[in-house]
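Coordinate inspection notes
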Amino acid sequence: MTMTSRVLGLVRDIVLASVLGAGGAMDAFAVAQKIPNFFRRLFAEGAFSQAFIPVLAEYKEKGGREAVKELVDKVAGCLGSILLLFTLLGVLGAAGFAYVFGWGYADEPEKFSLLVELVRITFPYLMLISLTGFAGAILNSYDRFAIPAVTPVFLNIFMIAAALLLADFFPNPAYALAWSILAAGVFSLLFQLPFLKQIHLLPSPKLDWSHPGVKRILVLMAPALFGVSVSQLNLLLDSVIATMLGDGAVSWLFYSDRLVELPLGVFGVAIATVIMPGLSRLSAAQSGEKFSDMLDWAIRFVVLIALPATLALIILAEPILFTLFYHGEMKLADILMSTYSLKAYALGLFAFMLIKVLVPGFFARQDMKTPVRTGIVAIIANILMKPLVVIPLAMLWGLGHVGLAFTTAMAAYVNAFLLYRGLRKAGVYAPASQWATIWLRYGAANLAMVAVLLALLQFWSGWAEWHLLERVIRLTAVCVAGLLAYILTLLAVGVRLRDFKAHH
C-alpha cells in the first residue's frame, strides 16, 4: 500500500514539474504545502503517534476494551481541540507563518502574496490529516496496517486530478493544487472512520485533560515533539535558507527531496510503522531478547534496501531527473541544478532510513529524552556546517542549495550514530552474531550493481537529447540490469529470503 502511495506521489511530482516547472509559483507552493506537512509530522506521524502508541499498547495489555475506548475518546477530544485552535491560528496568521517559513520572499511582493494565500488554503489540512493519523495509529495498534497505509494515495489522486483537470480554471495553477490538498484531507479522515467502527473504537470526543492516559501522552509528547522531527527540522531549515538563494532553489530541493523520499517512504516508513506497535507490546511484556531481535531485523532490512538505493540514486541522478521531469515548464538548467542536490541528499538516505527504525526503539520504551538529546546534537552540527559549506558553494559556483542538501545528509549520520550508540549503551539492542558475514555479502552485491550501472552509462549518455520514450526505455533497462545484478549476487553469496523472516 505504501509502495502504491509513493509511486502515485512520484506521478504527482511529474505532473507538478510539467504544470509549474521550477519557477516562482512552484517555489511558493512548495513552501506553502511544507508548512502543514511539517506540523503534521509533529502532531500525526511524529511525536503524537510515538507517544500515543506505547500508552495505547499498555492499556491493551493491562486494561480492557472499555479502558481503551475511554482513552481513545479522551485523546480525541484533547487532540482535536488543540488542532482546531492551532488551525485557526494558522489561517488567521497565515502572513506570519509565510514570513517565518519563506522569509526570503518577503521582498518579492507578488510571490509573498501568493505564498500567504496558499498557506491560508492549505493550513486546515494539518487538522484533518493529523486526526487521520490518530485514527491510523489506532488501526496500526490493532494490526490493521493496510487502511492507514493506503490513505495517502488519496492526496496524490486529488492533486493529480486538480493539476490536470482544474488548473485552467484558476488564475494560477498553484491555487487548484492548494484546494486539492484541503479536499484530500477531508476525504482521508472520512475514509478511516468506518474501519474504526469495525473494531468498536470510533471516537466520541470528550475533553478531559485530567485523564491519566492523556496526561501520560502529553508528558511523553513534549520531548518527542523535537526528537522525532530532527530530520524534518533540518529539511525545513534547508527550505527557509533556500528562499534566499533566488528563483528555483526551493523547487530544485523539492524535486530532489521527493526522489529520496520514495525509497525512504516505501521502506523506511513502512518498517517503522510495522515495528512500533510490536516493540511497544514487547516492551510492555518485558521481552528484552525479542525486542532486540525485532530491532536487528529492521536494521538488517534497512541495510538491504538503503545501501543500493543510495548508490543507485547517486549514479543515476541525471538520467532519473531527465526522464521524470524534463518536459512542460521544466528547463535544462533546472534539471542540472536538481541533479546536484539529488546526489547530495542521496548521500544521507541510509542515515534517514536508519533513523526511522532506531527512534521507535526508544519511544516503544517511553524513553523520549535520548532522541531529543541526539536530535539537538544533530541540529547543532547541521547549523555549524551550513556556513562552512553553503556560503562557498553559493558564492563561487551558485550551488548553495547543494550545500544545504549535503549538510542535512551529514547531520543525519550524526543523529543515526548517536541513536545506535544509545540503544547499545542502554542494553536493549545487541547486534546478531552474523553481521560481519552480512556486510561482506551485501558489499559484494552492491559492488556488482555499481559496476553494471556505470558500464551501461558509459554506452548511454546525452539524456537531454532523447525523446521521453527513449529515456523511459533506457532508464528502465539500466534499473532492471542493476537490480538483477544486485539480486543475483545476493543469491550467489548465500542470501536467502528466509533470512528475513521476522521474529514472532
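Quick caveat, the model's predicted, so the values are computed rather than measured. (Residues numbered from 1 in each chain as written. Predicted model: local features only at pLDDT ≥ 70, side-chain atom pairs only at ≥ 80, totals over all residues. Heavy atoms only, no water.)

1. Examining the overall build of the protein
Counting its regular elements, the protein contains 21 helices and 0 strands. For 504 residues, the compact-globule estimate of 2.2 N^0.38 gives 23 Å, and the protein sits close to it at 23 Å. Counting only residues that meet the buried cut, the protein has 56% of its 504 residues in that class. Sequence-distant contacts in the protein: of pairs separated by 6 or more residues, those separated by 24 or more amount to 83%. Carbon and sulfur atoms provide 69% of the accessible area of the protein, an area that totals close to 20900 Å². The distance from the centre of the 37 positive side-chain charges to the centre of the 29 negative ones in the protein is 10 Å. (Helix = DSSP H or I, 4+ residues; strand = E, 2+ residues; numbered from the N terminus. Rg over C-alpha atoms; globule rule 2.2 N^0.38 Å. Buried < 20%, exposed > 50% of the residue type's maximum accessible area, 1.4 Å probe, protein only. Contact = heavy atoms within 4.5 Å. Areas by Shrake-Rupley, 256 points an atom, 1.4 Å probe, with all protein chains shown as cover. Lys, Arg positive; Asp, Glu negative; His and termini not counted. Charge placed at Lys NZ, Arg CZ, Asp CG, Glu CD.)

2. Points about the nonpolar core
With 164 residues, the main nonpolar core has Phe29 and Phe52 as its most contacted residues. Of the residues forming this core, the biggest block, 16 residues, is contributed by helix H14 (residues 288-315). If near-sequence neighbours (up to four positions away) are discounted, phenylalanine 29 is found in contact with Leu16, Leu20, Leu118, Met159, Ala174, Leu177, Ala178 and Ile181. (Core = buried A, V, L, I, M, F, W, Y, C linked by side-chain atoms within 4.5 Å.)

3. Focus on helix H6 (residues 109-122)
The end-to-end C-alpha distance of H6, which contains 14 residues, comes to 20 Å, matching closely the 20 Å that a straight helix rising 1.5 Å per residue would cover. Among the residues of H6, Lys111, Phe112, Leu114, Leu115, Val116, Leu118, Val119, Ile121 and Thr122 are the ones counted as buried. (Expected span 1.5 Å × (residues − 1).)

4. A closer look at a nonpolar patch on the surface
Where nonpolar side chains cluster on the molecular surface, the patch consists of Val480, Leu483, Leu484, Ile487, Leu488 and Leu491 and spans about 530 Å² of accessible area. By secondary structure assignment, the location of leucine 484 is in helix H21 (residues 468-492). (Patch = residues over 30% accessible without salt bridge, like charges linked within 9 Å, V, L, I, M, F, W, Y side chains within 5 Å. Salt bridge = Lys/Arg side-chain N within 4 Å of Asp/Glu carboxyl O.)

5. Concerning the packing of aromatic side chains
This model, assessed by the stated rule, comprises 15 aromatic pairs. Geometrically, the ring pair formed by phenylalanine 158 and phenylalanine 187 is tilted, given 5.7 Å between the ring centres and 45° between the ring planes. Pair noted here: phenylalanine 158 is in helix H9 (residues 152-166) and phenylalanine 187 is in helix H10 (residues 173-198), with a separation of 29 residues, a long-range link. For phenylalanine 187, a relative accessible area of 37% corresponds to the partly exposed category. Among the aromatic residues, ring-to-ring pairing joins Phe154, Phe158, Phe187, Phe191 and Phe195 into one connected group. When the ring centre of tyrosine 142 is taken as reference, the NZ or CZ atom of lysine 60 above it lies at 4.1 Å. Arginine 474 extends its terminal NZ or CZ atom over the ring of tryptophan 466, reaching a point 4.0 Å from the ring centre. (Phe/Tyr/Trp six-rings, centres within 6.5 Å; stacked < 30°, edge-to-face > 60°. Lys NZ or Arg CZ within 6 Å of the ring centre and 35° of its normal.)

6. Digging into the environment of isoleucine 376
Residue position: isoleucine 376 is located in helix H18 (residues 369-397). On the basis of relative accessible area, isoleucine 376 is assigned to the partly exposed category, the value being 37%. C-alpha of isoleucine 376 to C-alpha of asparagine 415: the two residues are 39 residues apart in sequence and 8.8 Å apart in space.

7. Structural notes on unusual backbone geometry
Most of the time, phi is negative for any residue but glycine, and the peptide bond is trans. Backbone geometry places aspartate 143, a non-glycine residue, at a positive phi of 60°. Secondary-structure assignment places aspartate 143 in the loop between helix H7 (125-141) and helix H8 (146-150). One non-glycine residue, glutamine 366, lies in positive phi territory at about 60°.

8. Quick look at the packing of H14 against helix H17 (residues 349-363)
Where H14 contacts H17, the axes come no closer than 8 Å and their chain directions differ by 165°. Classed by the angle they form, the pair H14 and H17 counts as roughly antiparallel. As for how H14 packs across H17, the hand of that crossing is right-handed. Contacts between H14 and H17 involve Phe291, Leu295, Ala298, Ile299, Val302, Val303, Ile305, Ala306, Leu307, Ala309, Thr310 and Leu313 from the first element and Leu349, Phe350, Met353, Leu354, Val357, Leu358 and Gly361 from the second. Of the residues belonging to the contact of H14 with H17, the class tally is 17 nonpolar, 2 polar and no charged. (Axes fitted to C-alpha atoms, helices over the stretch in contact; angles between N-to-C directions. Parallel < 35°, antiparallel > 145°, perpendicular 65-115°, else oblique. Left-handed = near helix turned anticlockwise from the far one by under 90°. Nonpolar A, V, L, I, M, F, W, Y, C, P; charged D, E, K, R; others polar.)

9. Brief notes about the packing of helix H1 (residues 2-20) against H9
Between H1 and H9, the least distance of the axes is 9 Å, while the angle of their chain directions is 20°. Put simply, H1 runs roughly parallel to H9. With respect to the hand of their crossing, H1 and H9 are arranged in left-handed fashion. For the pair H1 and H9, the contacting residues are Thr4, Ser5, Leu8, Gly9, Val11, Arg12, Val15, Leu16 and Val19 in the first and Pro152, Val153, Leu155, Asn156, Ile157, Met159, Ile160, Ala163 and Leu164 in the second. Partitioned by chemical class, the residues of the contact of H1 with H9 number 13 nonpolar, 4 polar and 1 charged.

10. As for the environment of alanine 409
Take alanine 409: it is sitting in helix H19 (residues 400-426). Alanine 409 gets classed as buried once you look at its relative accessible area, which sits at 0%. Spatially, the C-alpha atoms of alanine 409 and phenylalanine 301 are 20 Å apart, while their sequence positions differ by 108 residues. Not counting residues within four places of it along the chain, the set of residues in contact with alanine 409 comprises Ala344, Tyr345, Leu347, Gly348 and Phe352.

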